[in-house]
Structures are given as structure tokens and as C-alpha cells.
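What the coordinates show
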Amino acid sequence: MKPVRVVALWWVLLLVSRLGATRKGSPEEASFYYGTFPLGFSWGVGSSAFQTEGAWDQDGKGPSIWDAFTHSGKGRVLGDETADVACDGYYKVQEDIVLLRELHVSHYRFSLSWPRLLPTGVRADKVNKRGIKFYSDFIDALLKSNITPVVTLHHWDLPQLLQVKHGGWQNVSMVSYFGDYADLCFEAFGDRVKHWITFSDPRTMAEKGYETGRHAPGLQLHGTGLYRAAHHIIKAHAQAWHSYNSTWRSKQRGLVGISLNCDWGEPVDINSPKDIEAAERYLQFCLGWFANPIYAGDYPQVMKDRIGKKSAEQGLDMSRLPVFSLQEKGYIKGTSDFLGLGHFTTRYITERNYPSRQGPSYQNDRDLVELVDPNWPDLGSKWLYSVPWGFRRLLHFAQTQYGNPPIYVTENGASQILHCTQLCDEWRIQYLKGYINEMLKAIKDGANIKGYTSWSLLDKFEWEKGYADRYGLYYVEFNNRNKPRYPKASVQYYKKIITANGFPNSREVESWYRKALETCSINNQMLAAEPLLSHMQMVTEIVVPTVCTLCVLISAVLLMLLVRSQS
């Protein structure tokens, strides 16, 4: 996710004053809506392989670009943290499935590690059978617990050798390599997996990986690299969908979609045509960038016009935004059985023209500024504010823009407030309550929403933030080598929503909140005792065996002395 763009102080003060003057009728949740979700609505939680598994070089796994990025020692990750161990999820599968059962979720969204299955990234080189077995056993264990696996093929951890040899997503050869990888997954797991996601939040993967360099592979190809990467990702998605459609669908009867993340963009001044256009442009550069080719066959017109115009002004013969051929447009259009939608927060948007002479960049191509309302609840993160009404608006936008597709909310959640380690996460409960209720209103509006995934099951490695941000419903004690998990208050609250399939009445919903906080206070005491328990464990594992060994040695020496004295 990206922080708000830093602009000159005078510009911020001017816009904030405009915000106060023009947003007196700011949209608020008119009232809380009590009701239930449709029968069969799917509730779940999510995670990704690199963020949770650990075991980075175990059982035949090859290195990923994120392994190389975090091991570089260049200060690219807060605290120089790595995900070498992370949540130790590779070795704690059964333990985590117990947590899923405890939550009463219908589905679990997780990703496969491409380099764990194909160490070099190339199927023709080698298939790691131990990687196949790991995920196969995991899927079987989920199904045995009546939990539906929702499987993401690629969540940012590209095999490092594909980056070194081919330049990663800058190279069109990734399309065929990804296609081979996807086919392997369909073949190995498709008899049991019926919900596939090709890519998770490819916009962030392209922007931070190839524009700002804040994510792996850490390239700064301003105004060009991200568009080229996205172009190849879209082609790779389409090829995987067609492969499933032509080879696997008739036998496996599953669904293939993509997960796209986007914040809502609200005009600063709802009476200003320029601000309204800027907010629309924000959404098209964010969601439409990937969704429009998939649902309409081409990039949004505003992207083609803006980037083309700025490219010409910068003296380029061709637009920095690649072009799909007529054949490619037809091939890509319609390649999604559902739309996966990730959403966390909202921004106010106003127009600001950036001169082309400033050079090419994604930010300058958009000609806008993102702002936040200082009155929005601050969750302690630099970018994430709780603005539930924006979620309903984004769902309505996707519903109307793309022909009311089946929508699965694939990511939605709140990070830990400041550096608080308590388990009584009232702010997350309020966030869940507000956002899930706005989703219920969107369904009432007519949006075809099939399921919801709370992000995330566990605290985990959060990319360039290391372990500073905590999104988990379960707290993970990373300083303990066993990585114990503790339920936060939000576990109990979310479980009540799932069990009731919504919000039955005000009295019952209020009781959920009280009971959740009562439970977390007990868990807090357990967490507070963790250092003592760890110390006792160390004593048990190290000191006791050492003392026993010394006793045996002393006994042996005494026995030898006794034998000598008798002889």
C-alpha cells in the first residue's frame, strides 16, 4: 500500500481549508443496517506464502526475489528484517488449521510459493515434489475441516532466477513461464481447488517493484517499468484463464479470477467538475488499469489519453503505456469468472497538474493529489484510516463499471494501532463492524458479492515494514522461536458475525463487543506471562539436560574411583 503523496505545505493548507469548506455534507454512514447476508455467503480469512511460511530454503525451495531483496543488507526493510522464519507456518500447518476451525470460517485464502514448487521458476528444469506434497497435504487438511481453499497462484514472490536471467515482469517471456506454472498447479491441485486467483494486487507489485523500488525487485524505472510489468501480468493472467478454460474446466469445474486492490477516491469538492474527473481518474489508474482490459478488452481511455499526451510532450515517439493488439484485446476480454476486490481505506482527491518536464512517473501521469480528512479515525498507520462508507462506494463502482460481476472481497482489514501489543483490539472490531456493514448495504443495493476475506489470519511479515505492522486476528509472538499465536478480541467478534451471517439486532451485536473484550483481557494475561514461560522452556530444554549430563559424568568418575580403590 502507498502513503499519501507529500506535497508542499502551502498546497496542503489550501486544500484542507477547501475540504472544510466544501465537505460539510460529507458522506457518513447514515445508520447502521441490521440484517443478514444471503444464504451461502462465504466468510474467510487470508494470508500469503512469503509472509507466513518461513522455511525459505528448506525441502528444495528455490530463492524468490523477496529473499534476495531482504537478504541484500541495504536497509530496504524496516529493521533489516527477513521472512526466513516469519510465522513458521510451513511447520505449523495443523496448529493454524485449528485456528481456522476456531473462527468457523467457510474458506481460507492463501497463496502458493512459485519457487517452492519450481525452484528455478521453470517447469522444464525441475518440479519440487516436496513442495507439491506440502500444498497437497495442506489442501487435504483444509477440506477435512470443511474449509474451502481459495488459492492464489502468485502473491509477489517471483523466483529469483527468473528475475536474474530475464528481468522478471519486464520480459514478455514471463507470460509463458507463468502459464507453465499455472498449469502445474491446476494439474496437481485442481481436483480439490475450485477457486483460483491468478495474481494478488498486481498494481502494487508493479508500482512498488518497478517504479518506486520500495518492493522487490527494487527497480526504479520511472514511468515505464510499471506499465510494462502490468502489461505482461495482464497477458499472463489471460493465458492462465484460457488454459484452465480449455483444458481443466470441464473436468474440475472451478473458477479463475484475479484480486485487485484499490482505495476509494472521493472528490474534495463534489461541485467541481475537475475534482470529480480527478477522482474518476484515480479509480481508473488504480482499479481500471487491470480490470478494464479484463472486462472491456483495453486500458481505460483516460490512461491512454493522459500517458500518451505526456509521452509526446516528453519527446517520445510512442506512449509509455504499451498497446494491446486487436487480437490481444479479444483474447484478454472476459478472462475472469469473478472479480476479487481488496480494499482498506479512502482518499479525498483533487486535481493538480504536474508539468511533463518533471519527467515520467506514475504519480505525475495521474495529475491529482490524495488527501485524508483529519477527522477520520487514525489506526496508527501512515496510510490506513477507517472510512467504511468508501467501501460501499467502491463496491457500487465495480458493480456498475464491470457489468455486475460476481465479487469476492479478497482483502479487507486493519493494522495494529501504533506499537500496541495488547490483544484487546477495539479499533479492529469497529473497523470490521463498519466495513462489513457497508458491504451488507452494497448487497442490498444490488451488488453481487459472494464472499468476504478478512485480512489476515495471523500477524506476519509486512514487506518493507518488516514486523512493525500487525494485521492479524491472531497475535504472533515473533520473539519466541516457537512463534505462539494468541487470539485478539476481534477473533471472537468476527466469529459472531460469521455464526449469525450478519448483524441480527442491536442488542445482540452490542453483547458481542462486550464478550470479545472480556475474553481478550484473559488472553492478555497469558501473553504477559509469555517471557516467563519462554524462560522456563529454556531452562527445561537447556539447563536440565546439562545438569543431567553433569550428574552422569560425576557418577561415572565416582564409580571409577570406587573401582580403583577396591582393586
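Please read all numbers here as calculations on a predicted model, not as lab measurements.

Moving on, we come to the overall build of the protein chain. Scanning the protein chain for helices and strands turns up 19 helices and 15 strands. Every one of the 567 residues in the protein chain was classed for burial, and the buried ones make up 58%. Once local pairs closer than 6 in sequence are excluded, the contacts in the protein chain between residues at least 24 apart make up 77%. Carbon together with sulfur atoms contributes 56% to the accessible area of the protein chain, which is approximately 23,000 Å² in total.

As a further point, take the packing of helix α6 (residues 129–144) against helix α8 (residues 173–189). Put simply, α6 and α8 touch, their axes get as near as 11 Å, and they point 50° apart. One way to sum up the angle between α6 and α8 is to call them oblique. Relative to α8, the crossing made by α6 is right-handed. Residue-level contacts link Ile 132, Tyr 135, Ser 136 and Ile 139 of α6 to Leu 184, Ala 188 and Phe 189 of α8.

Another point: the pattern of salt bridges. Inspection of the entire model under this criterion finds 33 salt bridges. With a closest N to O distance of 2.9 Å, Asp 67 and Lys 61 form a salt bridge. Note on Lys 61: relative accessible area 12%, which makes it buried. Here Lys 465 makes a salt bridge to Asp 469, at a shortest N to O gap of 3.7 Å. Lys 465 sits in the partly exposed class, given a relative accessible area of 25%.

Let us look at the nonpolar core. If you look at the biggest cluster of nonpolar residues, it comprises 159 residues, and the most contacted ones within it are Leu 112, Trp 169, Trp 196 and Met 439. Residue contributions to this core peak at twelve residues, all from helix α10 (residues 225–252). With sequence-adjacent residues up to four places away left out, Trp 196 is seen in contact with Leu 112, Val 151, Leu 153, Cys 185, Phe 186, Phe 189, Gly 190, Tyr 244, Leu 255, Val 256, Gly 257 and Phe 338.

Under the counting rule described, the total for this entry stands at one disulfide. Two residues share a disulfide in this structure: Cys 262 and Cys 286, whose sulfurs sit 2.3 Å from each other. With Cys 262 in the loop between β6 (255–261) and β7 (264–267) and Cys 286 in helix α11 (residues 273–296), this pair connects stretches of sequence that are 24 residues apart. A relative accessible area of 1% places Cys 262 in the buried class. What makes Cys 286 buried here is its relative accessible area of 3%.

A barrel is described by the order of its strands in space; here eight strands give the closed sequence β2-β3-β4-β5-β6-β8-β11-β12, paired in parallel fashion. Across the sheet, the axes of successive neighbouring strands diverge by a mean angle of 25°, strand direction being ignored. Of the pairings in the sheet, the one linking strand β4 (residues 148–154) to strand β5 (residues 195–200) comprises four bridges and is parallel in character. Pairing of Val 150 across the sheet is with His 195, part of β5. Sheet strands touched by helix α9 (residues 202–210): β4, β5 and β6. Its angle to β6, the strand with the most contacts, is close to 50°. Those strands touched by helix α17 (residues 489–500) are β2 (42–46) and β12 (449–454), and its axis lies near 155° from that of β2.

A word on the UniProt feature "active site" (unreviewed entry) in the protein chain. This chain's UniProt record puts "active site" (unreviewed entry) on Glu 411. Assignment of secondary structure puts Glu 411 in strand β11 (residues 407–411). A relative accessible area of 5% places Glu 411 in the buried class. A polar atom in the side chain of Glu 411 sits 3.4 Å from the side chain of Asn 261.

The next point concerns empty space enclosed by the protein. For the coordinates displayed, the defined rule picks out four cavities of 30 Å³ or more. Of the voids in this model, the second largest cavity is the one considered here, and its volume is about 180 Å³. Taken together, 16 residues make up the lining of the second largest cavity; nearest its centre are Ser 47, Thr 52, Glu 53, Tyr 108 and Phe 138. Every element with two or more residues in the lining of the second largest cavity is listed here: α2 (49–52), α4 (93–103), β3 (107–111) and α6. Here the residues of the lining of the second largest cavity are counted per class, giving nine nonpolar, five polar and two charged.

As a further point, take the pairing of β4. Burial within β4 is extensive, with six of its seven residues counted as buried. Inspection of the sheet shows β3 paired to β4 by five bridges, in the parallel sense. Bridging across to β4, Phe 110 finds its partner in Val 151.

Now for the sheet that holds strand β9 (residues 346–351). Spatial strand order, β7-β9-β10: three strands in an open sheet with mixed pairing. One side of each edge strand has no neighbouring strand; the edge strands of this open sheet are β7 and β10 (368–371). Mean inter-strand twist for the sheet, computed between neighbouring axes without regard to direction, equals 40°. The sheet contact formed by β9 and β10 spans four bridges and is antiparallel. Among the inter-strand pairings, Thr 350 is bridged to a residue of β10, identified as Val 369. Here α11 sits on the sheet and contacts β7, β9 and β10; the angle it forms with β9, its principal contact strand, is near 125°. Its contacts with the sheet put helix α15 (residues 388–401) on β7 and β9, and the angle it makes with β7 is roughly 100°.

Parameters and conventions
- Residues numbered from 1 in each chain as written.
- Predicted model: local features only at pLDDT ≥ 70, side-chain atom pairs only at ≥ 80, totals over all residues.
- Heavy atoms only, no water.
- Helix = DSSP H or I, 4+ residues; strand = E, 2+ residues; numbered from the N terminus.
- Buried < 20%, exposed > 50% of the residue type's maximum accessible area, 1.4 Å probe, protein only.
- Contact = heavy atoms within 4.5 Å.
- Areas by Shrake-Rupley, 256 points an atom, 1.4 Å probe, with all protein chains shown as cover.
- Axes fitted to C-alpha atoms, helices over the stretch in contact; angles between N-to-C directions.
- Parallel < 35°, antiparallel > 145°, perpendicular 65-115°, else oblique.
- Left-handed = near helix turned anticlockwise from the far one by under 90°.
- Salt bridge = Lys/Arg side-chain N within 4 Å of Asp/Glu carboxyl O.
- Core = buried A, V, L, I, M, F, W, Y, C linked by side-chain atoms within 4.5 Å.
- Disulfide = S-S within 2.5 Å.
- Pairing = 2+ DSSP bridges.
- UniProt positions renumbered as here; feature names shortened; annotations may be inferred.
- Polar contact = N/O pair within 3.5 Å; in protein donor to acceptor, adjacent residues only side chain to side chain.
- 1 Å grid on protein atoms, 1.4 Å probe; cavity = no way out; pocket = protein on both sides within 12 Å on 5 of 7 lines; lining within 4 Å.
- Points joined across faces, edges and corners; volume = space filled by probe spheres on them.
- Nonpolar A, V, L, I, M, F, W, Y, C, P; charged D, E, K, R; others polar.

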